[in-house]
Amino acid sequence: MPRNQVSETVVSVSGLTKVYLTSTGVLGLGRRRRLVALDGVSLSFQKGKTTAIVGESGSGKTTLGECTLMLTRPDSGSIQYSGNDLARLSGKGLNLARRGMQIVFQDPYSSLNPRMKVDAIFRESMSDSSGELRDRMSDVLRSVGMPPDSLDRFPHQFSGGQRQRLAIARALMANPTFMVLDEPTSSLDVSIQLQILNLFRDLQREYDLTFMFITHNLAVAKYMAHHIAVMFSGRVVEYGTAAEVIEGTKHPYTAALLSSVPSMGKSESIVLNEKSDSALPVLSGCRYRTRCPYATEKCLDEPPLADIGNGHLVRCHYSDKMSF
Amino acid sequence: MPGDQVLSVKNLSIAYTTQRGLVRVLQGVSLGIEKGRILGVVGESGSGKSTLGLSVIGLLPPNAKVLDGGVTFHGREILTSQESNFESVRGTGIAMIFQEPLNSLNPVYRVGFQIAEAIRVRDSREDGSEWDVHDYAKETRPGKASSFGSVFSRVKVTPEIRKEIVDLLTAVRILDPEGVVNKFPHELSGGMRQRVMIAMALAERPDVLIADEATTALDVTTQAKVLSLIRDLARDYRTAILLISHDLSVVSEVADDVVVMYLGEAVEHSTSGAVFKSPLHPYTVGLLGSIPTSYVQEGELQPIQGSIPDPSNPPSGCRFHTRCPKVFDRCSAESPEPTTVNGTMVRCHLYAEKPSL
């Protein structure tokens, strides 16, 4: 990506594709359907920056996170991280190569083993057990705002927000450079969500971390991210700096997402200009065309993800005419 | 607030019997809903907002105990500490939609059948007749030896009932209502399922509709559409709506009035405009300040400190004092009484009236 400032790419994925085969009918004997979760996604992640992946359920944003960490093996494409293509590795080699990558999940109730004390949970994510381990654990706990005596307690003794802090601390124990944050605040209470978002911002400054921040909420993406990638039906439909995507929106789907974010009485109510909410996936041309209010015949042809200047990428035939 | 109150909750206190004794979940909550208006109830976990919703439609779990106060519907008491009398209102007077429509719809019956059942319930209430689920609609019953039949069967109804079903589905803006009649719930998207739930609630022509986290499980774009549908229900059908949500921004979109709840108490109650433009209670101020919006904002937002206390063991005095940025001596000692400031009910010592001499 052409950028003026010198930025170091930590992770770059290119052409990531993942297709799931689903079966319908009694005992799965019915028709087989191909579900394209990722369709040639290419993105790069700059050191010390946050890239938000925004989309609704089924857009492929979680699959993108999983494939980037090779938790799910993509059907094709590459994942460049510290000199390796993770997609070509497996077993021990893969585990060694991705040691600096970590993930924080949405639900802190299911992501911490209820039968292990925090101390043991942390030890699991440490590759080498050095002498000052307890000290390091206490340091990391302090950096996520938890008291050191948390180590001798079980996950159920903590609230949801505290558990999420522990899950973050566990990820930090591995000294990561790149972290996937998959809806890390969606299951928390409103008054706790901002605490965790601010914690991520602090940690990023402190450790120069690179984040892939997966969310369905564009407002949260704007608060957290330097770059935003909007996904629809397994593809990136708009990518740019947070300011470009939010204030200079060029894709009708991004505009629909933006107008769906309730405005807390600060502006007009929601005006959503979409045609339908059909559950049927579109398999050719512009995938958004059945919902898009601006769709024409031309949209039966697939639009490319085109650079409209400054690295602002838009997948729409009419991006030059769109302003919202 | 003056007007035509359909439903009113007065000084309602509810506790659950648990192994650790009585746990109070609602503490002296009062509110009223008028025809055609939307009352938003906002709260986090442990605030008692869901218990409030359940108490209004008489679906409290068996271990719930009404300690004080009650609920009246059209001036008639339907819930008090002595008795509950919901049979006459449930299904016709008050309807409810829940968070996860897939759990609320029967997976083995087609949509048209389920809506016909709702219409039958309403008619039997109106004429007092006994009814059977198959009165208005038939499809091959699943569970029989011929269970494959239901896969191929269609909903069979009289033309009048079919027209009413299609009208209801059209009213909730489902595309292709004729086709949806013969669909199973799993064949619909989340937004469509919630629309079907709303259509079933509408079939009963309720005076009051309770929507408990009705858009929480939906995608943001779908949520926006369902919210605008709820807004139209209040306007076009004059339904009084109780919209319960953890999400302040959802409530801000559609509610006329707002109640903010914290650990079982209503801490602020006013018009939507007042609550969102000039909030009084420090909790409301904190909540409003901790939600990122898509508007231009610089710097870091300030979250509410601390975590939500255990609802079974709430702090003494004002329940919010452990997290309040404006806490002073009196807050931990004494529970604030509700006071009215410029038409807003607020429960906070900052606004307490000076004691008269």
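### A closer look at the confidence of the model for chain B
Residues and elements named next belong to chain B.
- The predicted model of chain B averages 86 in pLDDT, with 91% of residues at 70 or higher.
- Scored below 50 in pLDDT, residues 142-150 makes eight contacts in the model with residues more than four places away or belonging to other chains.
- Interface predicted TM-score (ipTM) for the complex: 0.82; the corresponding pTM is 0.86.

### Focus on the nonpolar core
- By size, the foremost hydrophobic cluster in this structure holds 187 residues, and its most contacted members are Val230(A), Ile115(B), Ala199(B), Ile241(B), Leu242(B) and Leu243(B).
- Here the element with the most residues in this core is helix H7 (residues 190-203) of chain B; it accounts for nine residues.
- Among the domains, domain 1 (5-93 + 207-267) and domain 2 (106-203) of chain B are the pair contributing at least three residues each to this core.
- Sequence-distant contacts of Leu242(B), defined by excluding residues within four places in its chain, comprise Ile33(B), Leu39(B), Val41(B), Gly53(B), Val56(B), Val208(B) and Ile210(B).

### Description of the domain arrangement of chain B
All names here are of chain B.
- Each domain of chain B was delimited in the assignment, giving domain 1 (5-93 + 207-267) and domain 2 (106-203).
- Here the C-alpha centre of domain 2 lies 27 Å away from the C-alpha centre of domain 1.
- Domain 1 puts ten residues into the contact, and the matching count from domain 2 is ten residues.
- A class-by-class count of the residues in the side of domain 1 that touches domain 2 yields six nonpolar, three polar and one charged.

### Examining unusual backbone geometry
- Residue Glu183(A) is not a glycine yet carries a positive backbone phi of 50 degrees.
- By the secondary structure assignment, Glu183(A) is in the loop between strand E7 (178-182) and helix H6 (190-207).
- Looking at Glu183(A), the number of C-beta atoms within 10 Å reads 19, which means it is partly exposed.
- Located in the positive-phi region is Asn342(B), a residue other than glycine, with phi close to 50 degrees.
- Residue placement: Asn342(B) occurs in the loop between strand E13 (339-341) and strand E14 (344-346).

### So, the interface of chain A and chain B
- Across the contact, 38 residues belong to chain A and 40 residues belong to chain B.
- Every element with two or more residues in the side of chain A that touches chain B is listed here: helix H5 (160-173), H6, helix H7 (218-224) and helix H9 (252-260) of chain A.
- Counting residues per element, the side of chain A that touches chain B draws most heavily on H6(A), at seven residues.
- Across the side of chain A that touches chain B, the residue classes tally to 17 nonpolar, 14 polar and seven charged.

### Examining the pairing of strand E11 (residues 257-262) of chain B
All names here are of chain B.
- When you tally the buried positions in E11, you get six out of six residues, the bulk of the element.
- Here four bridges tie strand E3 (residues 38-42) to E11, and the two strands are oriented parallel to one another. Each bridged residue has a counterpart across the sheet, and for Gly40 the counterpart in E11 is Val258.
- Hairpin connection from E11 to strand E12 (residues 265-271): two residues lie between these consecutive antiparallel strands, with Leu263 at a positive phi of about 45 degrees.

### Some remarks on H6(A)
- For H6(A), spanning 18 residues, the distance from its first C-alpha to its last is 26 Å, which sits close to the expected 26 Å at 1.5 Å a residue.
- Among all positions in H6(A), only Val190(A), Ser191(A), Ile192(A), Gln193(A), Leu194(A), Gln195(A), Ile196(A), Leu197(A), Leu199(A) and Phe200(A) are buried.
- Buried residues belonging to H6(A) abut H5, E7, strand E8 (210-215) and H7 of chain A together with helix H9 (248-254) and helix H11 (282-289) of chain B.
- Phi for Asp208(A), located one or two positions after H6(A), is positive at around 55 degrees.

### Digging into the packing of H9(A) against helix H8 (residues 220-237) of chain B
- Contact geometry for H9(A) and H8(B): axes closest at 8 Å, N-to-C directions at 55 degrees. The orientation of H9(A) relative to H8(B) falls into the category oblique. As for the relative orientation of H9(A) and H8(B), their crossing is left-handed in sense. Contact with H9(A), carried on its side by Ala256(A), Leu257(A) and Ser260(A), involves Val220(B), Thr221(B), Gln223(B) and Ala224(B) of H8(B) and no other residues of that element.
- Counted by class, the contact of H9(A) with H8(B) contains four nonpolar, three polar and no charged residues.

### Let's talk about the sheet that holds E13(B)
All names here are of chain B.
- Pairing in this open sheet of eight strands is mixed, and the strands run E6-E9-E10-E3-E11-E12-E14-E13 from one edge to the other. Every other strand in the sheet has two partners, leaving strand E6 (94-97) and E13 as the edge strands with one partner each. Put simply, the sheet's adjacent strands are angled 20 degrees from each other on average, direction ignored.
- Relative to the sheet, H8 contacts E3, strand E9 (208-212) and strand E10 (240-245), its axis offset from that of E10 by approximately 155 degrees.

### Considering the pairing of strand E4 (residues 64-73) of chain B
All names here are of chain B.
- Pairing of strand E1 (residues 5-18) with E4, which is carried by eight bridges, proceeds in the antiparallel orientation. Counterpart to Ser13 in the pairing with E4 is Asp68.
- When E4 meets strand E5 (residues 76-79), the two strands line up antiparallel, connected through three bridges. Following the sheet pairing, Val71 is matched in E5 by Leu79.
- Two successive antiparallel strands, E4 and E5, enclose a turn made up of two residues, where His74 displays a positive phi of approximately 50 degrees.

Criteria and thresholds
Each chain has its residues counted from 1, running along the sequence as written. Chains and ligands are labelled sequentially in the order written, the chains with letters from A and the ligands with numbers from 1. Totals for whole chains, interfaces and linings use all residues, but because this is a predicted model, local features are given only for residues with pLDDT of at least 70 and pairs of side-chain atoms are given and counted only at 80 or more. Every residue is assigned a pLDDT by the predictor, reflecting its confidence on a scale from 0 to 100. Remark: residues whose backbone-derived C-beta atoms lie within 7 Å of one another are considered to be in contact. Put simply, a nonpolar core is buried Ala, Val, Leu, Ile, Met, Phe, Trp, Tyr and Cys residues tied into one set by C-beta atoms within 7 Å. Any residue surrounded by 20 or more other C-beta atoms within 10 Å of its C-beta is treated as buried, while 12 or fewer makes it exposed and the intermediate range makes it partly exposed; C-beta atoms here are placed from the backbone. Only runs of H or I of at least four residues qualify as helices and only runs of E of at least two qualify as strands under DSSP, and these elements are numbered from the N terminus. Those domain boundaries reflect an automatic or database domain assignment. Residue polarity follows a fixed list, in which Ala, Val, Leu, Ile, Met, Phe, Trp, Tyr, Cys and Pro are nonpolar, Asp, Glu, Lys and Arg are charged, and the others, Gly among them, are polar. Only strands that DSSP links by at least two bridges are regarded as paired with each other. By this rule the span expected of a helix is its residue count minus one, scaled by 1.5 Å. Note on geometry: axes are lines fitted to C-alpha atoms, helical ones only across the stretch in contact, with angles between N-to-C directions running from 0 to 180 degrees. Under this scheme an angle from 65 to 115 degrees is roughly perpendicular, one under 35 degrees roughly parallel, and one over 145 degrees roughly antiparallel; angles in between are oblique. Less than a right angle of anticlockwise turn of the near helix away from the far helix marks a crossing as left-handed, whereas a clockwise turn marks it as right-handed.

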